[in-house]
Amino acid sequence: MVSPLSKNFIAGAIGESGSLLGALPPVTLQEGEQTGMAFAKAVGANSLKDLRAMNADSIIAAATKFGPFRFAMTIDGYFFPKSPLAIFEAGEQARVPLLVGWNSEESGYRGVMGNEKLTKENYEKAVHRLYNDRSPDVLKAYPAKSDADVEQAATDLAGDRFIRFSNWRWAELQAKTGGQPVYRYYYSHPRPPTVLDKSKQRAKGAVHSAEIEYAMGNLPSNKVFAWSEEDYAVSKTMQEYFANFIKTGNPNGPSLPEWPATSKNKPVPVMHIKPDSRAMPDTTSERYQLMEEVMKR
């Protein structure tokens with residue numbers, strides 16, 4: 001949606017795993033080149049020719065050891081003529097319908113707490129380390145009144161930092177400057193237990209990527225999990241929404257709960273995809289507005 005090389009060749013977009021408008025912003029060309037030089041040095045390559053002479057398995061193994069997210073998207077002046085945020089703010093992105101959302105547990109509480117015990121005191125210390133003088137505001141937005149509240153509060157904060165804020169910002173900017181409908185979803189249906197799990201307990205939340213098999217209709221080919229009729233029903237609903245959107249730019253269709261598009265004059269509707277899918281007003285925008293303020297400092 002951002003690059004002028006591609007924006008006129010798409011009819012719509014579906015976003016499930018974050019955007020360049022949040023936690024993983026692109027870097028300058030100089031920073032990108034420095035990362036490439038550091039990688040070449042790490043693998044003993046003295047030139048581009050040396051790198052091209054390496055086989056694919058060696059390159060992949062070396063890149064994995066180089067560190068996660070080290071190879072950031074780069075504002076190279078060609079594919080990205082300027083930052084994605086600036087392009088969206090100016091309304092220069094692909095002006096197409098957007099379907100975008102996030103899962104209920106995009107990251108676990110350790111994304112904030114590390115290996116610290118789940119106590120209110122440790123949570124407050126962790127938030128202070130991350131946000132310094134803005135920590136009181138963050139603790140108000142992600143409250144933990146007792147030790148029992150810490151796991152959920154830290155899970156919410158970690159998930160927002162990792163994926164959810166960036167997708168919220170994507171939806172917000174497209175609704176403001178894209179001139180086309182924006183449909184938001186919240187996926188909260190956890191995977192079932194594995195076939196070998198004697199407890200028969202579902203996970204607490206829908207972890208990052210948990211929705212993909214449901215959206216693509218791939219449950220039957222995954223023999224690890226003990227899929228139920230409920231899982232197949234959620235998958236059917238999600239497939240129909242996605243297929244309708246791909247065909248028409250609108251996810252709605254016969255026998256599906258109505259999914260309203262975002263409107264500037266009404267509360268933002270969010271389709272909660274679960275066994276009893278339904279659209280509900282957004283209740284988290286204040287959290288993301290706070291994150292936006294913190295990022296702009």
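Conventions adopted
Residues numbered from 1 in each chain as written. Predicted model: local features only at pLDDT ≥ 70, side-chain atom pairs only at ≥ 80, totals over all residues. Heavy atoms only, no water. Pairing = 2+ DSSP bridges. Helix = DSSP H or I, 4+ residues; strand = E, 2+ residues; numbered from the N terminus. Axes fitted to C-alpha atoms, helices over the stretch in contact; angles between N-to-C directions. Contact = heavy atoms within 4.5 Å. Buried < 20%, exposed > 50% of the residue type's maximum accessible area, 1.4 Å probe, protein only. Left-handed = near helix turned anticlockwise from the far one by under 90°. Nonpolar A, V, L, I, M, F, W, Y, C, P; charged D, E, K, R; others polar. Phe/Tyr/Trp six-rings, centres within 6.5 Å; stacked < 30°, edge-to-face > 60°. Expected span 1.5 Å × (residues − 1). Salt bridge = Lys/Arg side-chain N within 4 Å of Asp/Glu carboxyl O.

(A) Region of interest: the pairing of strand E7 (residues 278-281). For strand E6 (residues 269-273) and E7, the ladder comprises 4 bridges, and the chain directions are antiparallel. Bridge assignment links Val270 to a residue of E7, and that residue is Met280.

(B) Structural view of the sheet that holds E7. Strand order across the open sheet formed by 5 strands is E1-E4-E5-E6-E7, with mixed pairing between neighbours. Looking along the sheet, the strands with just one partner apiece sit at the ends: strand E1 (13-15) and E7. Taking each pair of neighbouring strands and ignoring which way they run, the sheet shows an average axis angle of 25 degrees. Contacts from helix H8 (residues 147-177) reach E1, strand E4 (98-103) and strand E5 (182-187) within the one sheet, and its direction differs from that of E4 by about 160 degrees. The strands touched by helix H10 (residues 229-248) are E1, E4, E5 and E6; relative to E5, the strand with the most contacts, the crossing angle is about 165 degrees.

(C) Representation of the pairing of E6. For E6, the tally of buried residues reaches 5 of 5 residues, placing the bulk of the element in the interior. Covered by surrounding structure in E6 are Pro269, Met271 and Ile273 together with Val270 and His272, the residues of both alternating faces. Taken together, the 4 bridges between E5 and E6 define a ladder with parallel strand orientation. Residue pairing in the sheet places Arg184 in a bridge with Val270 of E6. Where E6 hands over to E7, the hairpin turn is made up of 4 residues, counted between the paired strands.

(D) Representation of the packing of helix H1 (residues 29-42) against helix H3 (residues 56-66) within the structure. Packing of H1 against H3 leaves a shortest axis separation of 11 Å and a crossing angle of 115 degrees. For H1 against H3, the interelement crossing comes out right-handed. Every residue of H3 that contacts H1 at Thr35, Ala38, Phe39 and Ala42 is listed here: Ile59, Ala62, Ala63 and Phe66. For the contact of H1 with H3, the per-class residue count stands at 7 nonpolar, 1 polar and no charged.

(E) Structural context of the environment of Ala11. By secondary structure assignment, the location of Ala11 is in the segment before E1. Judged by relative accessible area, which is 68%, Ala11 ranks as exposed. Sequence spacing of Ala11 and Pro97 is 86 residues, and the spatial spacing of their C-alpha atoms is 7.5 Å.

(F) Region of interest: the packing of aromatic side chains. Throughout the structure, instances matching the rule amount to 14 aromatic pairs. Measuring from ring centre to ring centre gives 5.0 Å for Phe79 and Phe80, while their planes differ by 50 degrees; the resulting arrangement is tilted. With a relative accessible area of 38%, Phe79 lands in the partly exposed category. Each ring, one from Tyr183 and one from Phe245, has its centre 6.3 Å from the other, and the planes form 80 degrees; the classification is edge-to-face. Pair noted here: Tyr183 is in strand E5 and Phe245 is in helix H10, with a separation of 62 residues, a long-range link. The two residues Tyr183 and Phe245 agree in class, both being buried.

(G) How the structure looks around helix H11 (residues 285-296). Across its 12 residues, H11 extends 17 Å between first and last C-alpha, which sits within 8% of the 16 Å expected from 1.5 Å per residue. Taken residue by residue, H11 has Arg287, Tyr288, Leu290, Met291, Glu292 and Val294 as its buried positions. Buried residues in H11 make contact with E4, helix H6 (120-131), helix H7 (135-141) and H8.

(H) The pattern of salt bridges, seen in detail. A full pass over the atoms with the stated rule returns 17 salt bridges. Its salt-bridge partner being Asp160, residue Arg164 comes within 2.6 Å of it at the nearest N-O pair. Placement of both Arg164 and Asp160 in helix H8 is noted, with a separation of 4 residues, approximately one turn of the helix. Judged on exposure class, the residue Arg164 and its partner Asp160 are both buried. Where Asp231 meets Arg202, a salt bridge forms, and the shortest distance between an N and an O atom there is 2.8 Å. Pair noted here: Asp231 is in helix H10 and Arg202 is in the loop between E5 and helix H9 (212-216), with a separation of 29 residues, a long-range link. Taken together, the shared-partner salt bridges connect Asp156, Asp160, Arg164 and Arg287 into one network.

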